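One-letter residues, chain by chain:
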Amino acid sequence: MWTIPNQITFFRIVLIPVFLIVFYLPVSWHHFGAAFIFWLAAISDALDGYLARRLKQSTAFGAFIDPVADKLMVTAALVIIVQDYHQWWISIPALIMVAREVFISALREFMSSRGKRDEVAVSTMGKYKTAAQMLALIGLIWRPDYDIPLILFNFPQELFMIIAYGLYFIATILTFWSMVTYFRAAWPELTVKKQP
């Protein structure tokens, strides 16, 4: 249970209340601080999977707790941006993303009960969705109101937000499409008649 990858996953869970506290701190840098913590959580997600494979420390508990940690952090971030933006075009995609996670979790549990969980395992599209979602949420949580200084020039704040919004809507489309793909894969099992 206490392998290095699992410890990193627990660290990510501990970051969730820290993330929420920092976001609501009455300080000027609360958006940046929360975005940094979310970025750290996203990096730790990639790191624990890499180390589990590299160190051959994959465990059943790790396979269970890792997606739980991811879903908790992403849901917390979605709730925050819905509250922060007060816009339907932020709220509806957030609802789609949360609903998708609930739907896919239930679908995977059902397919596991039929011994066919591999048919709804994480796909390449799901990985693209996660990447777009994480990058979009970092941008939307940060929400800078100034140009971002880089090495040789300032990156325009307006362009930064356009990219964040674009990734958010791409993530929404991929979220919906991956849900449809998983549902189609599970459809034969969902329509099997029960034996009397």
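Relevant structure appears above.
Predicted model, so just to flag it, every value in this text is computed and none were measured. (Residues numbered from 1 in each chain as written. Predicted model: local features only at pLDDT ≥ 70, side-chain atom pairs only at ≥ 80, totals over all residues. Heavy atoms only, no water.)

> Please set out the pattern of salt bridges residue by residue, giving values where relevant.
Under the criterion given, the structure shown has nine salt bridges. Between aspartate 66 and arginine 12 there is a salt bridge whose closest N-O contact spans 2.5 Å. Placement of aspartate 66 in helix α3 (residues 60-85) and of arginine 12 in helix α1 (residues 4-23) is noted, with a sequence separation of 54 residues between them. Measuring nitrogen to oxygen at the nearest pair gives 3.1 Å for the salt bridge that ties glutamate 189 to arginine 114. (Salt bridge = Lys/Arg side-chain N within 4 Å of Asp/Glu carboxyl O. Helix = DSSP H or I, 4+ residues; strand = E, 2+ residues; numbered from the N terminus.)

> Describe in detail the nonpolar core, supporting the description with residues and values.
It is characteristic of soluble globular proteins that their nonpolar side chains tend to be buried jointly. Ranked by internal contacts, the top residues of the largest apolar core, which has 37 residues, are Phe19, Phe38, Ile81, Ile141 and Tyr168. Not counting chain neighbours up to four residues away, the residues in contact with isoleucine 81 comprise Ile90, Leu137, Leu140, Ile141 and Tyr168. Counting seven residues, the second-largest nonpolar core is a separate cluster that includes Ile104, Met111, Met179 and Ala186. (Core = buried A, V, L, I, M, F, W, Y, C linked by side-chain atoms within 4.5 Å. Buried < 20%, exposed > 50% of the residue type's maximum accessible area, 1.4 Å probe, protein only. Contact = heavy atoms within 4.5 Å.)

> Please provide a residue-by-residue account of the packing of helix α4 (residues 88-113) against helix α6 (residues 157-190), values included.
Where α4 contacts α6, the axes come no closer than 10 Å and their chain directions differ by 25 degrees. The pairing of α4 with α6 is recorded here as roughly parallel in orientation. For the element pair α4 and α6, the recorded crossing hand is left-handed. Among the residues forming the contact of α4 with α6, the class breakdown is 20 nonpolar, three polar and three charged. (Axes fitted to C-alpha atoms, helices over the stretch in contact; angles between N-to-C directions. Parallel < 35°, antiparallel > 145°, perpendicular 65-115°, else oblique. Left-handed = near helix turned anticlockwise from the far one by under 90°. Nonpolar A, V, L, I, M, F, W, Y, C, P; charged D, E, K, R; others polar.)

> Give a description of the packing of aromatic side chains that names residues and reports values.
Summed over the entire model, instances satisfying the criterion amount to 13 aromatic pairs. One aromatic cluster is present, formed by Trp2, Phe10, Phe61 and Phe64 through successive ring pairs. Taking NZ or CZ as reference, arginine 108 lies 5.1 Å from the ring centre of tyrosine 182, over its face. The ring of tyrosine 85 has arginine 143 lying over it, and the distance from NZ or CZ to the ring centre is 4.0 Å. (Phe/Tyr/Trp six-rings, centres within 6.5 Å; stacked < 30°, edge-to-face > 60°. Lys NZ or Arg CZ within 6 Å of the ring centre and 35° of its normal.)

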